[in-house]
Amino acid sequence: MPAGGGNPLLIFDSGVGGLTVLAEIRRAIPGASLVYVADNAGFPYGAWEEAALTGHVVELFEGLIGRFSPRLCVIACNTASTLVLARLRARFVVPFVGTVPAIKPAAERTTTGLVSVLATPATVERDYTRGLIGKYAYQCRVTLVGAERLAALAEAKLAGAPVDRAVLSAEIAPAFVEEQGKRTDTVVLACTHYPLLMDELQAAAPWPVAWLNPADAIARRAAELWPADAAPAAGPGPDLALFTAPERVSAALRAALATYGLREIAPAPAKD
């Protein structure tokens, strides 16, 4: 159990991207005891066949919920949310908060009408993503950009490796559109890994844009669902991170996790 004990809030991602969400949840629900779960053995989720990934994530949650009995689970991953969230909600009683591309606020914010969605290829391909565009951004020119390597760059950065600026620039270049004298002014970060690269993204951008990070909206929703009578954590905050492949956690990543209050690394419960 985490330092605070009893019924924690569980945050799940394919890797370290969910740390951006954890940071906002700590501010939104300062009394919650948190457990962070990274399925780094399964990363990247975009490489999975849909049915296999769905079964894999549901099986992982069988073990996680059995071990921790969380009050609330946050799926801090766009790919997993668009694919598996309905199955998780149907299978388990615990409430789930998912992650969806911030297309509605982007459509409300843009002044040029040119919006880009920077996501993994799997998220770009989902009908759910295109449905959000049709519902909320039909008056905008929305460019969907399936970035093949950005999430891996974020993973490598936290593991202590330098960020390949040339690769990053090539990945984001299609998100910057000039059309009839107007330019893209809003870019949706539709992967929780991407805010970990914010300094590099801003430096590589050919012109300034608003980068929409979904983490604060996810945290607000989690705070709405967190029981008002939940006992606060007894310890100093989240101190437990579970990895499905803990042997791959480098010393640099351990140091980075500590800055998020995650001081103990443990294996995630094995699937039955």
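Check the entry above for the structure.
Residues numbered from 1 in each chain as written. Predicted model: local features only at pLDDT ≥ 70, side-chain atom pairs only at ≥ 80, totals over all residues. Heavy atoms only, no water.

## With respect to the overall build of the protein chain
Helix and strand content of the protein chain: 11 helices and 12 strands. Taken against the 2.2 N^0.38 rule, which gives 19 Å for 272 residues, the C-alpha radius of gyration of the protein chain at 18 Å falls within 12% of a compact globule. In terms of overall dimensions, the protein chain has C-alpha extents of about 55 × 40 × 35 Å along its principal axes. Out of the 272 residues belonging to the protein chain, those deemed buried represent 57%. By sequence separation, contacts in the protein chain at least 24 residues apart represent 77% of the contacts at least 6 residues apart. In the protein chain, which carries 24 positive and 26 negative side-chain charges, the distance between the mean positions of the two groups comes to 4 Å. (Helix = DSSP H or I, 4+ residues; strand = E, 2+ residues; numbered from the N terminus. Rg over C-alpha atoms; globule rule 2.2 N^0.38 Å. Buried < 20%, exposed > 50% of the residue type's maximum accessible area, 1.4 Å probe, protein only. Contact = heavy atoms within 4.5 Å. Lys, Arg positive; Asp, Glu negative; His and termini not counted. Charge placed at Lys NZ, Arg CZ, Asp CG, Glu CD.)

## Section: the packing of aromatic side chains
One pair of aromatic rings is described through two measures. These are the centre distance and the angle between the planes. According to the stated counting rule, one finds 5 aromatic pairs in the structure shown. Ring geometry for F61 against F96: centres 5.5 Å apart, planes inclined by 65 degrees, an arrangement best described as edge-to-face. Of the two residues, F61 sits in helix α2 (residues 50–68) while F96 sits in strand β4 (residues 96–97), which places them 35 residues apart along the sequence. For the pair formed by F61 and F96, the shared burial category is buried. Among the aromatic residues, those joined into a ring-pair cluster are F12, F61, F92 and F96. (Phe/Tyr/Trp six-rings, centres within 6.5 Å; stacked < 30°, edge-to-face > 60°.)

## Re the sheet that holds strand β3 (residues 72–75)
The strands making up a sheet associate through hydrogen bonds between their backbones, and the pairing can be parallel or antiparallel. If you walk across this open sheet you meet the 6 strands as β4-β3-β1-β2-β11-β12, and the pairing is parallel. Each edge of the sheet is formed by a strand with only one pairing partner; in this case those strands are β4 and β12 (264–267). Relative to strand β11 (residues 240–243), strand β2 (residues 34–38) runs parallel, the two sharing 4 bridges. Paired with V37 across the two strands is L242, which belongs to β11. With respect to the sheet, helix α1 (residues 19–28) is in contact with β1 (9–13), β2 and β3, its orientation differing from that of β2 by roughly 170 degrees. (Pairing = 2+ DSSP bridges. Axes fitted to C-alpha atoms, helices over the stretch in contact; angles between N-to-C directions.)

## Looking at unusual backbone geometry
A cis amide bond, omega 0 degrees, links F43 with the succeeding residue P44. One can find P44 in the loop between β2 and α2. Positive phi outside glycine occurs at S69, with the angle close to 45 degrees. With respect to the helices and strands, the residue S69 is situated in the loop between α2 and β3. Judged by its relative accessible area of 39%, S69 falls in the partly exposed class.

## What about the state of the cysteines?
With the rule as written, the count across this model stands at 0 disulfides. For the unlinked cysteine C191, the closest cysteine sulfur is that of C77, found at 6.7 Å. For C191, a relative accessible area of 7% puts it in the buried group. (Disulfide = S-S within 2.5 Å.)

## A look at the sheet that holds strand β9 (residues 186–189)
Read from one edge of the open sheet, 4 strands run β6-β5-β9-β10, paired in parallel fashion. The open sheet has two free edges, formed respectively by β6 (141–146) and β10 (210–212), since each of these has just one partner strand. Direction aside, the axes of adjacent strands within the sheet are offset by 20 degrees on average. Bridging between strand β5 (residues 114–119) and β9 involves 4 bridges; their strand directions are parallel.

## Structural notes on the packing of α2 against helix α3 (residues 78–91)
As a packed pair, α2 and α3 sit with axes 10 Å apart at the nearest point and diverge in direction by 50 degrees. Considered as vectors, α2 and α3 are oriented oblique to each other. In this structure, the crossing between α2 and α3 has a hand that is right-handed. Where α2 approaches α3, its residues E50, L53, T54, V57, V58, F61 and E62 are matched on the opposing element by T79, L83, V84, R87, L88 and R91. (Parallel < 35°, antiparallel > 145°, perpendicular 65-115°, else oblique. Left-handed = near helix turned anticlockwise from the far one by under 90°.)

## As for the side chain of T110
Here T110 lies in the loop between α4 (103–109) and β5. Reaching out from T110, the side chain makes a polar contact with the backbone nitrogen of G113 at a distance of 2.9 Å. Those residues in contact with T110 that sit more than four places away from it in its chain are V115, C140, D185 and T186. (Polar contact = N/O pair within 3.5 Å; in protein donor to acceptor, adjacent residues only side chain to side chain.)

## Digging into the environment of V209
In this structure, V209 sits in the loop between α9 (198–204) and β10. Owing to a relative accessible area of 15%, V209 belongs among the buried residues under this scheme. Along the sequence, V209 and S14 sit 195 residues apart, while their C-alpha atoms lie 27 Å from each other. Look past the residues within four positions of V209 in its chain and what remains in contact with it is F176, T184, D185, T186 and V187.

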